[in-house]
Amino acid sequence: MQYLIDTANIESIKKCCEFYPVTGVTTNPTIISKEHSSDFKNIIYTIREIIGPDKMLHVQTTASDAKQILAEAEAIRNLVGGRFFIKIPITAEGLKACALCKDKGIGVTMTAIFTQQQALIAANAGADFVAPYINRLDNIVSDGVHVVEEIVSMFKKNEVKTKILAASFKNVEQVHKVAMTGADAVTINPDLFEMLVYHPLTYYAIDDFCKDWETIYGDKTILDILGK
Ligand code: E4P
C-alpha cells in the first residue's frame, strides 16, 4: 500500500519527502485554502517542483460542469506536468468529466466517495483512482473501513483496474485497518506520518542500544573504530 501526503503546505511536503517513502501529494480546495495564499498557481507549481515529475500530484477541480472540469484539468496539467491526476467529486457531471478527461489522456481520481456503488460507477467511467473518505464516514457512525473492504472485494470480483486511494484519516488505527483491506494507497496528513512511525518502546530500545555500546566503547563510533 502506498502513502501519499494530504497537504499543500510546502514545508510539510519537503519534510515528508525527505523522511518518508511518499509516492505523491493530494490536495483539495479546503487544503489549499489552509495555506492562506491567493496564489494557487504558485502553490501547485511549487509542489510539483519539490516532488519532481515521477511522484503523483492529485489536484481537485473547483468546477461543477463537465466542460469546465475538463478545461481546469487541461490547464492544471499544462502547468504541473508529470504524473498528474485531476480530482473530481462524484456527481453526474463529474462522471461525464471523467470520461472527457480520460479521452484527453488526463489521469482522474474520483473523490468524495462515500459508498461502494459510487466507487463502482466511477470505475466504470474510467477513473484511475477512487478516493473513499474514511473519517467522515466514521464521524456519522458509519464504517469507513468496511466501505473500503467492500470496494476492494467488489473490484477484485469484477476485475476492475481502478485503484483505491483511501482518504480522510484522523488516526493510526484507521490507516492500519484500511491497509489490511488491500487498498492500493492512503493519503494522510503530515502529523499522521509521525504518529505511524512513533512508538515509545522504539525509543527505549534505542536508548538501551546506546547505553550498552557506551559501556564497552565509550563515545567512539563505528566509523572511529573502522578508521573511516
Ligand atoms: C483527499 O484528498 C481528501 O480530500 C481529504 O483526505 C479529506 O480529508 P478530511 O475529511 O480530513 O477533510
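Here, every reference points to the structure presented above.
None of the values given here were measured: they were computed from a predicted structure. (Residues numbered from 1 in each chain as written. Predicted model: local features only at pLDDT ≥ 70, side-chain atom pairs only at ≥ 80, totals over all residues. Heavy atoms only, no water.)

Looking at this model, I keep getting lost on the overall build of the chain. Mind explaining?
The helix and strand tally for the chain stands at 12 helices and 8 strands. On the principal axes, the C-alpha backbone points of the chain span a range of 70 × 40 × 30 Å. The proportion of buried residues among the 228 residues of the chain is 41%. When contacts within the chain are restricted to residue pairs at least 6 apart in sequence, long-range pairs at least 24 apart make up 57% of them. Split by element, the accessible area of the chain, about 12,400 Å² in all, is 54% carbon and sulfur. (Helix = DSSP H or I, 4+ residues; strand = E, 2+ residues; numbered from the N terminus. Buried < 20%, exposed > 50% of the residue type's maximum accessible area, 1.4 Å probe, protein only. Contact = heavy atoms within 4.5 Å. Areas by Shrake-Rupley, 256 points an atom, 1.4 Å probe, with all protein chains shown as cover.)

So what exactly am I meant to see when it comes to the site of the ligand here?
Close contacts around the ligand come from Asp6, Thr26, Asn28, Lys87, Tyr133, Arg136, Ala167, Ser168 and Lys170, and that covers them all. Here Asp6 contributes a side-chain N or O atom positioned 2.5 Å from an oxygen atom of the ligand. Interatomic distance of 2.7 Å between a side-chain N/O atom of Ser168 and an oxygen atom of the ligand. With the chains in place, 85% of the 340 Å² that the ligand exposes on its own is no longer accessible. A molecule is said to occupy a pocket when more than half its atoms come within 2 Å of that pocket's grid points, and by this definition the ligand occupies the largest pocket. (Near = heavy atom within 4 Å. Polar contact = N/O pair within 3.5 Å; in protein donor to acceptor, adjacent residues only side chain to side chain. 1 Å grid on protein atoms, 1.4 Å probe; cavity = no way out; pocket = protein on both sides within 12 Å on 5 of 7 lines; lining within 4 Å. Sits in = over half its atoms within 2 Å of the grid points.)

Would you take a moment to explain the pattern of salt bridges for this structure?
Working definition: two side chains of opposite charge can pair if their charged atoms are close together. The full count for this structure, using the stated rule, is 4 salt bridges. Notably, a salt bridge pairs Glu11 with Lys14, separated by 3.5 Å at the nearest N-O pair. In this pair, Glu11 and Lys14 are both assigned in helix α1 (residues 10-19), 3 residues apart and thus about one turn of the helix distant. For Asp128, the salt bridge identified is with Lys102, shortest N-O distance 2.8 Å. Taken as a pair, Asp128 in the loop between α6 (116-124) and β6 (129-132) and Lys102 in helix α5 (residues 92-103) lie far apart in primary sequence, 26 residues in all. A relative accessible area of 28% means that Lys102 is categorised as partly exposed. (Salt bridge = Lys/Arg side-chain N within 4 Å of Asp/Glu carboxyl O.)

As far as function goes, none of this settles anything; it's purely spatial.
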